[in-house]
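# Coordinate analysis (summary)
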Amino acid sequence: MRLVFAGTPEVAVPALDALIASERHEVVAVVTRPDAPAGRGRRLVASPVAERAQEAGIEVLKPNRPRDEEFLTRLREIGPDCCPVVAYGALLPKAALDIPARGWVNLHFSLLPAWRGAAPVQHAILAGDQITGASTFLIEEGLDSGPVYGTVTEEVRSTDTSGDLLTRLALAGSGLLAATMDGIEDGTLQAVPQPADGVSLAPKLTVEDAQVDWAAPALRVDRVVRGCTPAPGAWTVFRGERLKLVAVRPLPGEEGLAPGDLAVGKNHVHAGTGSHAVELLWVQPQGKKPMRAADWARGVRIAPGERLGAADVR
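If you check an unreviewed UniProt entry, the protein chain appears there as Methionyl-tRNA formyltransferase from Streptomyces gougerotii. According to the UniProt record, the Function (unreviewed entry) comment for the protein chain is "Attaches a formyl group to the free amino group of methionyl-tRNA(fMet). The formyl group appears to play a dual role in the initiator identity of N-formylmethionyl-tRNA by promoting its recognition by IF2 and preventing the misappropriation of this tRNA by the elongation apparatus."

Below, the structure written as structure tokens:
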């Protein structure tokens, strides 16, 4: 098949690579989000998918909006048989959905109908799921509601951040997407409607979602930190400023600290929660690089009675 691949971030690159390497299909163009400002200089930078496509000599389309007539006209001229999608980042209008004869097929990082939406991996960790996965499905106008072609499963490890889990799912999912293209092309794969039961939603996490509630149980604190790493980044307040929490570890049996209270030793920092304590492993103060929590505590010289989350952010 002639394929037009749609994707934007680094997590979409493994799938693009798998399709480029396919001997059965040809990636004739890539659709990605427009260049965006990045870095301290805020200069415009092409997306990871755009950079990979340019390296491979593939035409790159960067519409401001997928409904732009100039983009739709060019897509019709290219005449793709199918358009595989991984984390493109924009809603596709019906005018675009109708162009490829075999539709747009999305690689989504959950076991649909669970965790429909922009942040399925983060929500799987927040919910404490032990198993998640990736699905390929035919895009409809609804939110991740189209019929499913195939799935792969992945264990959620107790120390996984959303970044760790997404990296593994991107690799496993790249093979699933390539196999889905093969099955669609040779007619051996038929999409199956999603069940009506088991639907859950995974909206994008906000900065407010990532604030740690020290009155919550230690298990919840750990999940928030892991689920919000690397983005949007879990945080708390210390001395009126935000303190990013990069990694923590629950300490079952370590009780006696009130929520947010700190216990500092030579090589450790413990914080109280609504249940037992957690150990702060890595933190990142504002304007600084991540550091070991024990080094941070020595540097700021925590006084008796100082605690986390005790004041408004400056």
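Burial of strand β7 (residues 104-108) is extensive: five of the five residues sit out of reach of the surface. Here β7 shows two buried faces, one formed by W104, N106 and H108 and the other by V105 and L107. Here strand β6 (residues 83-86) runs beside β7; their pairing, made up of three bridges, is parallel. Its bridge partner lying in β7, V85 is registered against N106.

What follows is about the UniProt feature "domain: Formyl transferase C-terminal" (unreviewed entry) in the protein chain. Annotation from UniProt places "domain: Formyl transferase C-terminal" (unreviewed entry) at residues 204-300. Between the C-alpha atoms that bound residues 204-300 there is a distance of 34 Å. The span itself is 19% helix and 31% strand.

Ordered in space as β5-β2-β1-β6-β7-β8-β9, the seven strands form an open sheet in which the pairing is mixed. In this open sheet, the two edge strands, each paired with only one partner strand, are β5 (59-61) and β9 (148-155). Going across the sheet, the axis of each strand differs from the next one's by a mean of 20°, ignoring polarity. Packing of helix α2 (residues 48-55) onto the sheet brings it into contact with β1 (2-7), β2 (26-31) and β5, and relative to β5 it is tilted by some 155°. Across the sheet, helix α3 (residues 69-78) is in contact with β1, β2, β5 and β7; its angle to β5 comes to roughly 150°.

Looking now at the nonpolar core. Residues F5, F109, L177 and M181 are the most contacted members of the largest nonpolar core, which totals 32 residues. Sorting elements by how many residues they give to this core places helix α6 (residues 162-186) first, with eight residues. Once residues lying within four places of it in the same chain are set aside, the contact partners of F5 are A12, A15, L16, L19, V27, A29, V30, V31, V49, P84, V86 and L177. Core analysis: the next-biggest nonpolar cluster, separate from the first, contains 28 residues, F238, L262, W296 and I302 among them.

Once that is clear, we can look at the UniProt feature "domain: Formyl transferase N-terminal" (unreviewed entry) in the protein chain. This chain's UniProt record puts "domain: Formyl transferase N-terminal" (unreviewed entry) on residues 1-177. Between the end C-alpha atoms of residues 1-177 there is a gap of 13 Å, over a span that is 31% helix and 26% strand.

What follows deals with the packing of aromatic side chains. Here the structure, examined in full by the defined rule, presents one aromatic pair. For the pair F238 and W296, a centre-to-centre distance of 5.2 Å together with 75° between the ring planes defines the contact as edge-to-face. Separated by 58 residues along the polypeptide, F238 in strand β10 (residues 235-238) and W296 in helix α8 (residues 293-300) bring together distant segments of the chain. Sitting over the ring of W235, R242 keeps its end group 4.0 Å from the ring centre.

With that out of the way, let us pick up the domain arrangement of the protein chain. Segmenting the protein chain into domains produces domain 1 (1-184) and domain 2 (205-305). The C-alpha-based centres of domain 1 and domain 2 are spaced at 34 Å. The interface of domain 1 with domain 2 comprises 14 residues on the first partner and 10 residues on the second. Counting the surface lost from both domain 1 and domain 2, the interface buries some 880 Å², and carbon and sulfur atoms represent 56% of this.

As for its position among the elements, T236 is in strand β10. Side-chain polar atoms of T236 contact the side chain of W214, separated by 2.8 Å. From its side chain, T236 meets the backbone nitrogen of G309 in a polar contact 3.5 Å long. Among all residues touching T236, those that are not within four sequence positions of it are W214, E241, R242, L243, L245, L308 and G309.

The final tally for this structure, using the stated rule, is 18 salt bridges. Here the residues in one salt-bridge network are R24, D182, E185 and D186, joined through shared partners.

Each value, and the rule that gives it
Residues numbered from 1 in each chain as written. Predicted model: local features only at pLDDT ≥ 70, side-chain atom pairs only at ≥ 80, totals over all residues. Heavy atoms only, no water. UniProt positions renumbered as here; feature names shortened; annotations may be inferred. Buried < 20%, exposed > 50% of the residue type's maximum accessible area, 1.4 Å probe, protein only. Helix = DSSP H or I, 4+ residues; strand = E, 2+ residues; numbered from the N terminus. Pairing = 2+ DSSP bridges. Axes fitted to C-alpha atoms, helices over the stretch in contact; angles between N-to-C directions. Contact = heavy atoms within 4.5 Å. Core = buried A, V, L, I, M, F, W, Y, C linked by side-chain atoms within 4.5 Å. Phe/Tyr/Trp six-rings, centres within 6.5 Å; stacked < 30°, edge-to-face > 60°. Lys NZ or Arg CZ within 6 Å of the ring centre and 35° of its normal. Domains from an automatic or database assignment. Buried area = accessible area lost by both parts, 1.4 Å probe. Polar contact = N/O pair within 3.5 Å; in protein donor to acceptor, adjacent residues only side chain to side chain. Salt bridge = Lys/Arg side-chain N within 4 Å of Asp/Glu carboxyl O.

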